[in-house]
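The residues making up each chain are set out below.
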Amino acid sequence: AALQMKSGERERLGAYFTPPYLAAHVLRRLTAYGYDPMRHSIIDPAAGGAAFLAPLHGLISHSFQNSDQGKVLKLLRGIEIDKRLARVSKDLLAWRVALSRGAEAPSDRDWQAVENCVEVTDTLEKEAAGKFDVVVGNPPYVRIGREDYHDYVERWPDLTDKGGYLNLSMAFLHHCRSFVKPGGLLS
């Protein structure tokens, strides 16, 4: 996924990709804390190259014993600001859907099935109002510069004491809390 980004883009967006072992650990912890892959809707608001979406698809699909990809995909969502990375996520999901039914490659139907799983937008501009049981992901890590600092403090005044530094990950996680249903999980 990192290869999809131009020089300097990763740093500007704060995109630091999640290694598979860490994603697997997070998913084990979520399950230990009550995440039920057959019932709970889950979103990765910084979907990147599907570090969480791909293994989540496997976990949910295995729970349904690969029987109903429509239900599997209904529970799984992602948001990605970079359209190329969103395409990587959709491609991986289409291949996983095809493989789950024993096909050698995705069909047009598989591509259509995953098209709405990953939305291309800025998560900080998205209002979700408690739609998901679980929010999981790796937030962007960029220090907010002086030119943007006051805009972030104005939007989220409880994130800083108006003098400390502000990191995009702080604002991102704070905003993503609004995506979680009462009693849900944020990781």
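Criteria and cut-off values
- Residues numbered from 1 in each chain as written.
- Predicted model: local features only at pLDDT ≥ 70, side-chain atom pairs only at ≥ 80, totals over all residues.
- Heavy atoms only, no water.
- Helix = DSSP H or I, 4+ residues; strand = E, 2+ residues; numbered from the N terminus.
- Buried < 20%, exposed > 50% of the residue type's maximum accessible area, 1.4 Å probe, protein only.
- Contact = heavy atoms within 4.5 Å.
- Pairing = 2+ DSSP bridges.
- Axes fitted to C-alpha atoms, helices over the stretch in contact; angles between N-to-C directions.
- Salt bridge = Lys/Arg side-chain N within 4 Å of Asp/Glu carboxyl O.

### Description of the overall build of the chain
- Of regular secondary structure, the chain possesses eight helices and five strands.
- Of the regular secondary structure in the chain, the N- to C-terminal order runs α-α-β-α-α-β-α-α-β-β-α-α-β.
- Per-residue burial over the chain gives 45% buried out of 187 residues.
- Of the contacts formed within the chain by residues at least 6 apart in sequence, a portion of 72% connects residues at least 24 apart.

### Quick word on the sheet that holds strand 5 (residues 180-186)
- With respect to topology, five strands assemble into an open sheet ordered 3-2-1-4-5, the strand pairing being parallel. The open sheet has two edge strands, strand 3 (118-120) and strand 5, and neither has a second partner. Across the sheet, the mean angle separating the axes of adjacent strands is 25 degrees when strand polarity is ignored.
- As paired elements, strand 1 (residues 42-44) and strand 4 (residues 132-135) share two bridges and run parallel to each other. Across the sheet, residue isoleucine 43 finds its bridge partner in strand 4, namely valine 135.

### Description of the pattern of salt bridges
- Counted under the stated rule, the structure contains nine salt bridges.
- For arginine 101, the salt bridge is made with aspartate 110, and the minimal N-O distance between the two is 2.4 Å.
- The class of arginine 101 is partly exposed, set by a relative accessible area of 46%.
- Note that arginine 155 is salt-bridged to glutamate 125, the shortest N-O span being 3.7 Å. Residue arginine 155 is located in helix 7 (residues 146-155), and its partner glutamate 125 is located in the loop between strand 3 and strand 4; the two are separated by 30 residues in the primary sequence.
- Judged by relative accessible area, glutamate 125 falls into the exposed class, the value being 57%.
- Connected through salt bridges with shared partners, the residues Arg87, Lys90, Asp91 and Glu115 form a single ionic network.

So yeah, pure geometry; function would need other evidence.
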